[in-house]
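# Analysis of the macromolecular model
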Amino acid sequence: MTAWLYLAAAISSEVGATVALRYTDGFTVPLPSALSLGGYALSIWLLALTVKGLDISLVYAVWAGIGTAAIALIGMTALGEQVTPLKLISIAVIIAGVVGLNLQGAG
């Protein structure tokens, strides 16, 4: 169970770092730059802790998939990015893939 908590924290820090990246202006604005770099470093460290308890293929797929879906949803809901049917379908496919990998790992 601890590994799943590490993974959730890794996803959260990666998503936060990616949102902060939008405000770095090419790493010329100090606070968002530090938040972005620190968030990515924290995420990788948490992933290293996660793979002690879960298969790396599952960990990376969940981290990348959920992180990608979360950033796409944040972009559309909070950052003014365009919402299209293809984007929504693509997010659903990502989530379905992560669920499939989780089910495979459980068997």
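If you're wondering where the values come from, they're calculated on a predicted model, not measured in any experiment.

## Regarding the confidence of the model for the chain
Scored by pLDDT, the chain has a mean of 93; 97% of the residues are at 70 or more. By mean pLDDT, the top-scoring element of the chain is helix H2 (residues 30-50) (98), and the lowest-scoring one is helix H4 (residues 85-106) (86).

## Description of the nonpolar core
Among the nonpolar cores identified, the biggest contains 14 residues, and Leu-7, Ala-10, Ile-11, Leu-47, Val-59, Val-62 and Trp-63 are the most heavily contacted of them. When contributions to this core are tallied by element, the ones reaching two or more residues are helix H1 (2-21), H2 and helix H3 (56-77). Examining the composition of this core, we find that 5 residues originate from one element, H1, more than from any other. Apart from the residues within four sequence positions on either side, Trp-63 is in contact with Leu-7, Ala-10, Ile-11, Glu-14, Ser-43, Ile-44 and Leu-47.

## Here we look at H3
Across its 22 residues, H3 extends 31 Å between first and last C-alpha, which sits within 8% of the 32 Å expected from 1.5 Å per residue. Every buried residue belonging to H3 is among Leu-58, Val-59, Ala-61, Val-62, Trp-63, Gly-65, Gly-67, Ala-69, Gly-75 and Met-76, and all of these are buried.

## Some remarks on the side chain of Ser-33
Along the polypeptide, Ser-33 turns up in helix H2. One polar contact links the side chain of Ser-33 to the main-chain carbonyl oxygen of Val-29, over a distance of 2.6 Å. Sequence-distant contacts of Ser-33, that is, excluding residues within four places in its chain, are made with Thr-24, Phe-27 and Thr-28.

## Things to note about the environment of Thr-77
Structurally, Thr-77 is set in helix H3. For Thr-77, a relative accessible area of 68% corresponds to the exposed category. Through-space distance from the C-alpha of Thr-77 to that of Val-15 is 14 Å; in sequence the pair is 62 residues apart. A polar contact is formed between the side chain of Thr-77 and the backbone oxygen of Leu-73, at a distance of 2.8 Å.

## Examining a nonpolar patch on the surface
Together, Ile-66, Ile-95, Val-99 and Leu-103 make up a nonpolar patch on the protein surface, roughly 330 Å² of accessible area in all. Ranked by residues supplied to the nonpolar patch, first place goes to H4 with 3 residues. Of note, Ile-66 is situated in helix H3. Judged by its relative accessible area of 30%, Ile-66 is partly exposed.

## As for the packing of H1 against H2
In helix packing, the relevant descriptors are the interaxial angle and the interaxial distance, both defined with respect to the helix axes. For the pair H1 and H2, interaxial distance at closest approach is 8 Å and the crossing angle is 160 degrees. The angle between H1 and H2 falls in the class roughly antiparallel. At the point where H1 passes H2, the crossing takes the left-handed sense. Here Ala-3, Tyr-6, Leu-7, Ala-9, Ala-10, Ser-13, Glu-14, Ala-17, Thr-18, Ala-20 and Leu-21 of H1 lie close against H2, whose contacting residues are Pro-32, Leu-35, Ser-36, Gly-39, Tyr-40, Leu-42, Ser-43, Leu-46, Leu-47, Leu-49 and Thr-50. The residue inventory of the contact of H1 with H2, partitioned by class, reads 15 nonpolar, 6 polar and 1 charged.

How each quantity is defined
- Residues numbered from 1 in each chain as written.
- Predicted model: local features only at pLDDT ≥ 70, side-chain atom pairs only at ≥ 80, totals over all residues.
- Heavy atoms only, no water.
- pLDDT = per-residue confidence, 0-100.
- Helix = DSSP H or I, 4+ residues; strand = E, 2+ residues; numbered from the N terminus.
- Core = buried A, V, L, I, M, F, W, Y, C linked by side-chain atoms within 4.5 Å.
- Buried < 20%, exposed > 50% of the residue type's maximum accessible area, 1.4 Å probe, protein only.
- Contact = heavy atoms within 4.5 Å.
- Expected span 1.5 Å × (residues − 1).
- Polar contact = N/O pair within 3.5 Å; in protein donor to acceptor, adjacent residues only side chain to side chain.
- Patch = residues over 30% accessible without salt bridge, like charges linked within 9 Å, V, L, I, M, F, W, Y side chains within 5 Å.
- Areas by Shrake-Rupley, 256 points an atom, 1.4 Å probe, with all protein chains shown as cover.
- Salt bridge = Lys/Arg side-chain N within 4 Å of Asp/Glu carboxyl O.
- Axes fitted to C-alpha atoms, helices over the stretch in contact; angles between N-to-C directions.
- Parallel < 35°, antiparallel > 145°, perpendicular 65-115°, else oblique.
- Left-handed = near helix turned anticlockwise from the far one by under 90°.
- Nonpolar A, V, L, I, M, F, W, Y, C, P; charged D, E, K, R; others polar.

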